[in-house]
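Coordinate inspection notes
What follows is the residue order along each chain.
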Amino acid sequence: MAIATPGAERRAKIVSAWSFDVFDTFLLRACTTPDGVFERTYELSGISQICPNVSGSFVQHRIQAEARARRTAKEKRGASEVRIDDIYSFFPFRLFGLAHHHLDDLVESEFAAELELCRANPDMLRQYWDMKRAGHRVGFISDTYWDSDRLARLLRACRPGLTWDFLYASCDHGSGKSEALFAKYLSEQGVDAGASFHVGDNDKADIKGAKRHGIRPRYYPQATAQLASRFQRETALFELLCGGAPSKLDHGARTLRRMIAARSAEKSPAFHLGMTVLGPVMTAFDAFIARRCEAVAGPGRKVALAFLGRDGFLSHQIWQELHGTTSAYLEINRRVSLIASADTMQPLVDLLSKILKIDAPAFRDVIKILPPNVAAFFAAYPDGIAPGEDLAEALPELMDASEIVELATALRARLLAYLRHTIPDFDECTDLVLADLGYSGSVQKALRRVFDLGGLEIRLHGAYLISLDDAFDDIADEDSAAGFISDLVVTPHIKRMLIRNVALLEQICCSADGSVRDYDGERVLREINPRPASQIALAAEIQAGAVAFAESAEDVALDFCLSPYDAPDVAARWCTATLARFLLLPDEDELALLGGLKHDVNFGTHSLAPMIDSDFIRRQITARGFSAACTSGAPPMWLAGCFARLSPSNAYLYALFGANRLPADVFEESPCGQVRIGLFRANGEAALETSTLYRTGLGELRLRIPLSRAMGIAMIALPLPKLAAEGILHGVTIQSADDISDAAESQDVIGIAAESLISAGIQRNHAHYRAENEDACLLIPVAPMTQDIAIYSVAITPLGSTPK
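The structure presented is a predicted model; accordingly, all values stated were derived computationally and were not measured. (Residues numbered from 1 in each chain as written. Predicted model: local features only at pLDDT ≥ 70, side-chain atom pairs only at ≥ 80, totals over all residues. Heavy atoms only, no water.)

What to know about the overall build of the protein chain
Looking only at helices and strands, the protein chain features 34 helices and 29 strands. Reported as C-alpha extents along the three principal axes, the dimensions of the protein chain are approximately 110 × 85 × 65 Å. Residues counted as buried form 54% of the 804 residues belonging to the protein chain. Long-range contacts, defined here as pairs at least 24 residues apart, represent 72% of the contacts in the protein chain between residues at least 6 apart. The average position of the 82 basic charges and that of the 103 acidic charges among the side chains of the protein chain differ by 7 Å. (Helix = DSSP H or I, 4+ residues; strand = E, 2+ residues; numbered from the N terminus. Buried < 20%, exposed > 50% of the residue type's maximum accessible area, 1.4 Å probe, protein only. Contact = heavy atoms within 4.5 Å. Lys, Arg positive; Asp, Glu negative; His and termini not counted. Charge placed at Lys NZ, Arg CZ, Asp CG, Glu CD.)

Brief notes about the confidence of the model for the protein chain
The predicted model of the protein chain has a mean per-residue pLDDT of 93, with 97% of residues at 70 or higher. Low confidence marks residues 1-12, where pLDDT is under 50. Its contacts with residues over four positions away, or in another chain, come to one contact. (pLDDT = per-residue confidence, 0-100.)

Digging into the pairing of strand β13 (residues 459-467)
Of all nine residues in β13, nine are buried; the element is thus mostly enclosed. Pairing of strand β12 (residues 431-439) with β13 involves eight bridges; the strand directions are parallel. Looking at β13, one finds that Tyr439 is bridged to Ser467. With helix α22 (residues 442-453) bridging β12 and the parallel β13, this β-α-β connection has right-handed handedness. (Pairing = 2+ DSSP bridges. Right-handed = clockwise from strand over helix to strand, strands pointing away.)

Let's talk about the nonpolar core
If you look at the biggest cluster of nonpolar residues, it comprises 163 residues, and the most contacted ones within it are Phe26, Phe140, Leu241, Met282, Leu465 and Leu594. In terms of residue count, the dominant contributor to this core is helix α14 (residues 269-296) (16 residues). In contact with Phe26, not counting residues within four places along its chain, are Phe20, Asp21, Arg119, Ala120, Asn121, Met124, Leu125, Tyr128, Phe140, Leu155 and Leu162. In this structure, Ala304, Val336, Phe363 and Val443 belong to the second largest nonpolar core, which totals 54 residues. (Core = buried A, V, L, I, M, F, W, Y, C linked by side-chain atoms within 4.5 Å.)

Quick notes on the packing of helix α12 (residues 225-241) against helix α31 (residues 648-658)
Angle between the axes and distance between the axes: these two values describe a pair of packed helices. The N-to-C vectors of α12 and α31 enclose an angle of 25°; their axes lie 11 Å apart at closest approach. Classified by the angle their axes make, α12 and α31 are roughly parallel. The two elements α12 and α31 cross, and the hand of that crossing is right-handed. Packed against α12, whose contacting residues are Arg233, Leu237 and Leu240, the element α31 presents Pro648, Tyr652, Ala655 and Leu656 at the interface. Its residues placed into classes, the contact of α12 with α31 shows six nonpolar, no polar and one charged. (Axes fitted to C-alpha atoms, helices over the stretch in contact; angles between N-to-C directions. Parallel < 35°, antiparallel > 145°, perpendicular 65-115°, else oblique. Left-handed = near helix turned anticlockwise from the far one by under 90°. Nonpolar A, V, L, I, M, F, W, Y, C, P; charged D, E, K, R; others polar.)

Points about empty space enclosed by the protein
As enumerated under the stated definition, the model contains five cavities of 30 Å³ or more in all. In this structure, the largest cavity occupies an estimated 160 Å³ of space. Residue lining of the largest cavity: 17 residues in total, with Ala253, Arg257, Pro280, Trp574 and Thr578 positioned closest to the centre. Where the lining of the largest cavity is concerned, the elements lending two or more residues are α13 (253-263), α14 and α26 (568-584). Its residues assigned to classes, the lining of the largest cavity shows eleven nonpolar, two polar and four charged. (1 Å grid on protein atoms, 1.4 Å probe; cavity = no way out; pocket = protein on both sides within 12 Å on 5 of 7 lines; lining within 4 Å. Points joined across faces, edges and corners; volume = space filled by probe spheres on them.)

A closer look at the sheet that holds strand β7 (residues 216-219)
Taken in spatial order, the five strands make up an open sheet running β5-β4-β1-β6-β7, and their pairing is parallel. Of all strands in the sheet, those bounded by a partner on one side alone are β5 (166-169) and β7. Strand after strand, the sheet turns through a mean of 20° between neighbouring axes, direction not considered. Bridge analysis of strand β1 (residues 17-20) against strand β6 (residues 197-200) gives three bridges, and the strand direction is parallel. Its bridge partner lying in β6, Ser19 is registered against His198. Lying over the sheet, helix α10 (residues 181-189) contacts β1, β4 (137-142), β5 and β6, oriented at roughly 155° with respect to β5.

Here we look at the pattern of salt bridges
Under the definition given, this model contains 45 salt bridges. The partner of Arg62 in a salt bridge is Glu66, with the nearest N and O atoms 2.9 Å apart. Of this pair, Arg62 and Glu66 both sit in helix α4 (residues 55-77), four residues apart, which is roughly one turn of that helix. No difference in accessibility class separates Arg62 from Glu66, as the two residues are buried. A salt bridge links Glu700 to Arg618, with the shortest nitrogen-to-oxygen separation between them at 3.0 Å. Taken together, the residues Glu700 in the loop between β20 (686-695) and β21 (701-708) and Arg618 in helix α28 (residues 614-624) connect sequence positions 82 residues apart. Judged by its relative accessible area of 8%, Glu700 falls in the buried class. Residue class for Arg618 comes out buried when judged on its relative accessible area of 15%. In the salt-bridge network here, residues are joined through shared partners; they are Arg618, Glu669, Glu700, Arg702 and Arg704. (Salt bridge = Lys/Arg side-chain N within 4 Å of Asp/Glu carboxyl O.)

Let's talk about the packing of helix α19 (residues 372-379) against helix α20 (residues 388-398)
In contact at an axis separation of 10 Å, α19 and α20 are set at 150° when each is read in the N-to-C sense. What the angle tells us is that α19 and α20 run roughly antiparallel. When the axes of α19 and α20 are compared, the crossing they make is right-handed. Contacts between α19 and α20 involve Asn373, Val374, Phe377 and Phe378 from the former and Asp390, Leu391, Ala394, Leu395 and Leu398 from the latter. Residues of the contact of α19 with α20, tallied by class, amount to seven nonpolar, one polar and one charged.

Okay, structure coming up:
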């Protein structure tokens, strides 16, 4: 007869268990944050009919009611655990047209919102069943104001037939997981803590609480710290840019992003950016394109879909992945389409007028000829590079219109041959949908003229990610155009801010090839691609992440019962917030990854423009003020990135400016005193001039010193202690012109090198300075003047008190 050892008897008595947190672990909500439940309660309760458009107020009052209920419970009972009816007893019923007897109705509405928004997490469900099959006891421990009966109903509503061995709701026991709830569970269930596990998302309650009682925790974070930070910024921008719309109910779009990120293997930062940020935007846009195609289709219509290269390259990749080879990728751009559409010189004049700079070789690449008069025109400019506006104005006198028409006719024939080769059954098409990042539909309009001149009756329909909607009024009556992010989603002010920064998105979305310049049969003739190989590889890695998200999105959405794209208006608003966060409020990792990208201008020159130049924006702020800096033209191409490189708060202020929420009387400068400035001529003569000192809304002091060439000034003596005895010197800048108002408005701001400034009685350590005595001066050498007026601007941030 075998004799059991004491160790074997002890092991036989060990009861192991797996406990699961409920909310944000076993159950996930199809909303951005847990208070999305309150936003949905506002809608379901009928308060939205009594008091429309105040969901934000309702949500905040619901949060405040819970805080007051917990504080009162703590004072009375020594524990902060409360039930749902305790919470609503502190709710301001009268404010929302209700009476106290409606308490139960609000409780039922909130529970209905939970039932609607909660989903069983399939990843947790698999683990739950695995542990149950392995012989472990399984159940739930939740810090919640829902009692165990309601919690059980919710769990079984999300997963019919679900069973468990134990279920603990903190409000039933007057104690949470951070307090005594785990101890009560261990005692009542008789489980061995060291052989048991708890899975949860809250570091304090689930992880540290379990550890304190000897239970082995398994951390299930809702998102990485980086992704959670980006989500927080997205919410802030949603509320800023899409004011009035429910900001928490996104039909599960954020939950989908969290789950795809959680299921994905660790890869490069570029891939992760594509998967978590760009992929969700472009997948939502893909759903919009599909709806556009469905809307265009109808009896007797044969619809074709084409993505416009180069910027439509990523969208085309995603479409192919999700829908198969049911579309074409057209390498066409504004330049080629406008010239091909010309039956007069005007389209070419319009095109050139929008080009910043152009030289003779670039002109010849486009037009195919370089008439002597045009060559002479370029030769009259420094380095042979002329402003596009100057060339547009002079062109009618430099070339004969018939030359342009002849060239356009030939290019038009080559373009149509290319379209026939690239779009299957092109001549049988009745409707052609053009998908692109968008803006004003210039390619669509030019193709309309090409088709009309070629006798083609194909209707054209634009499907754009971002649209300048006031540019669509002149499209043909039979044609159409629509933007996913339209002026019905955000205001025109906001739209223009996004487009001012969209060059970053273009560089990431575009193909690795150079821009098209012509066609030879089915072959595309391209310009050289001046972008460095490292940038092309980086864009490809981001694109791969975006495609990976799109590949996973449908299956994961089905797995979690999410429908993020079913409501087009909701999808468009959250797509806007996601894209705006990326373009306007990038984090440090994104700035490091993308700040070195260059933008190829695509016409007129093979030069590359920088995305970010933080020194440029700092000079603009010094010379012109913050609001004027926000209106700076390109380059640099990524203006928001320039502000973000200075600081996240500067980037947010720029977003406020673009949303028309930055009041000038708060953030602009106002006079705060006068300072006597010493001006020294080269011959040793000196004079004192009085200049007005200004204080900005950001607390900087700014001084502008206008000089004329006739004054012959060689040195400026600035008595810094009169401004502030100690401070941060942001720099000294120069603006020049032949007129003082032109100089003051000039964006061509030159910074004076810090080492050329002379300190007299001033200690300087990089930007920081401290005056040694009241007579200390900063001596600013005056550069030789090539124009009549120069304005020297100085900006400092005072440290400590400033002189009265």
